[in-house]
Amino acid sequence: MKASRISLMIFSLAAAPAFAGDVDLSLTNDSVKGQVNFFGTNNDLQLGTGYTYHEGGRDIFNVDFHAQGRTAIGNLPTTAGIGMRGIVWDQSRADGGAVGLGGFATVNIPDVPGLSFTGGLHYAPSILSFGDSDDMTSLELRGSYRVIRNAEIFAGYRYLNTDIENSSRDVNLDEGVMAGMKIFF
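Residues numbered from 1 in each chain as written. Predicted model: local features only at pLDDT ≥ 70, side-chain atom pairs only at ≥ 80, totals over all residues. Heavy atoms only, no water.

Chemist: Looking at this structure, I do not really get the overall build of the chain. What am I missing?
Modeler: Regarding its fold elements, the chain presents one helix and eleven strands. The buried share of the chain, taken over its 185 residues, is 42%. In the chain, the share of contacts with a sequence separation of at least 24, taken over all contacts with a separation of at least 6, comes to 45%. Element-wise, carbon and sulfur atoms account for 62% of the exposed surface of the chain, whose accessible area totals about 9,900 Å². (Helix = DSSP H or I, 4+ residues; strand = E, 2+ residues; numbered from the N terminus. Buried < 20%, exposed > 50% of the residue type's maximum accessible area, 1.4 Å probe, protein only. Contact = heavy atoms within 4.5 Å. Areas by Shrake-Rupley, 256 points an atom, 1.4 Å probe, with all protein chains shown as cover.)

Chemist: What am I meant to see in the pattern of salt bridges here?
Modeler: Enumeration over the complete set of coordinates arrives at five salt bridges. Residues D24 and R142 are paired through a salt bridge, measuring 2.8 Å at the closest nitrogen-oxygen approach. Taken together, the residues span a long stretch of sequence, with D24 in strand β1 (residues 22–27) and R142 in strand β9 (residues 133–148) at a distance of 118 residues. Salt bridges linked by common partners bring D24, E140 and R142 together as one network. (Salt bridge = Lys/Arg side-chain N within 4 Å of Asp/Glu carboxyl O.)

Chemist: Would you mind going over the confidence of the model for the chain with me for this structure?
Modeler: Averaged over all residues, the pLDDT of the chain is 91; the fraction at 70 or higher stands at 89%. Taken element by element, the predicted model of the chain shows its lowest mean pLDDT in helix α1 (residues 2–15) (55) and its highest in strand β7 (residues 115–124) (98). (pLDDT = per-residue confidence, 0-100.)

Chemist: I'm lost on the packing of aromatic side chains in this one. Help?
Modeler: In this description, an aromatic ring pair is defined by two values, namely the gap between the centres and the angle between the planes. Tallied over the entire structure, the rule returns one aromatic pair. Its end group placed over the ring of F154, R142 keeps NZ or CZ at 3.7 Å from the ring centre. The ring of F184 has R146 lying over it, and the distance from NZ or CZ to the ring centre is 4.0 Å. (Phe/Tyr/Trp six-rings, centres within 6.5 Å; stacked < 30°, edge-to-face > 60°. Lys NZ or Arg CZ within 6 Å of the ring centre and 35° of its normal.)

Chemist: What exactly am I supposed to notice about the pairing of strand β3 (residues 45–54) here?
Modeler: Along β3, seven of the ten residues are buried, which leaves the element largely enclosed by surrounding structure. Looking at chain direction, β3 and strand β4 (residues 58–73) are connected through ten bridges and run antiparallel. Note that in β4 the partner of G48 across the bridge is D64. Linking β3 back to β4 in an antiparallel pair, the connection comprises three residues, with G56 at a positive phi of about 100°. (Pairing = 2+ DSSP bridges.)

Chemist: What exactly am I supposed to notice about the side chain of S144 here?
Modeler: Note that S144 resides in strand β9. A polar contact of 3.4 Å, which involves the side chain of S144, links it to the side chain of E152. Ignoring any residue separated from it by four or fewer positions in sequence, one finds S144 in contact with G114, L115, S116, E152, I153 and F154. (Polar contact = N/O pair within 3.5 Å; in protein donor to acceptor, adjacent residues only side chain to side chain.)

Chemist: Where do I start with the nonpolar core in this structure?
Modeler: Looking at soluble globular proteins, one finds that nonpolar side chains tend to be buried together. Counting eleven residues, the largest nonpolar core consists of I60, I87, W89, A94, A98, A124, M136, L160, I164, V171 and L173. Mapped onto this core, the elements with two or more residues apiece are β5 (76–90), β10 (151–164) and β11 (170–184). In contact with L160, not counting residues within four places along its chain, are I60, I87, M136, T137, S138, V171, N172, L173 and D174. (Core = buried A, V, L, I, M, F, W, Y, C linked by side-chain atoms within 4.5 Å.)

Chemist: Before we go on, may I ask you to explain the side chain of D24 in this structure?
Modeler: You can call D24 buried: its relative accessible area is 5%. A distance of 2.8 Å separates a polar atom in the side chain of D24 from a polar atom in the side chain of R142. Residue contacts for D24: discarding those within four places in its chain leaves K33, G34, Q35, R142, F154, M181 and K182.

Structure below.
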């Protein structure tokens, strides 16, 4: 079953270049995530979708929608986005999801061409959560280096947590140090 899910994800990502702005593949010790973003950084909107398979049979799907634009933090060129991330997760004993509000920022370092740092944070309180989720926090931090014009490698940290409804328990749906690559179209 594990191999068929990963094969399906790879097949979906292989078909993505026909309509994608970029495709992102990342790994932690316990998970693999594929993300397709449909518009480039020069567009005013960003729409993306992703799938994460976490060891032990947890499936996590996300849909992202952000208004984005170029700005500067200090003298550093920055692309920032504000919007929402919808997340649905499923495993054998529980399932749930949420629509988190938040955003992201990618800061480029002009003194080192190709180097950038990205941070994204989305939070969903209980009113925007459903199923077994009572709230949800999604955090991703990464440092990237553009190796060639249309590809970059990155390393960072991913954290996705939800509180379980009617329980004092919370679950880290996906957490860990990650590495990956992004291909631009």
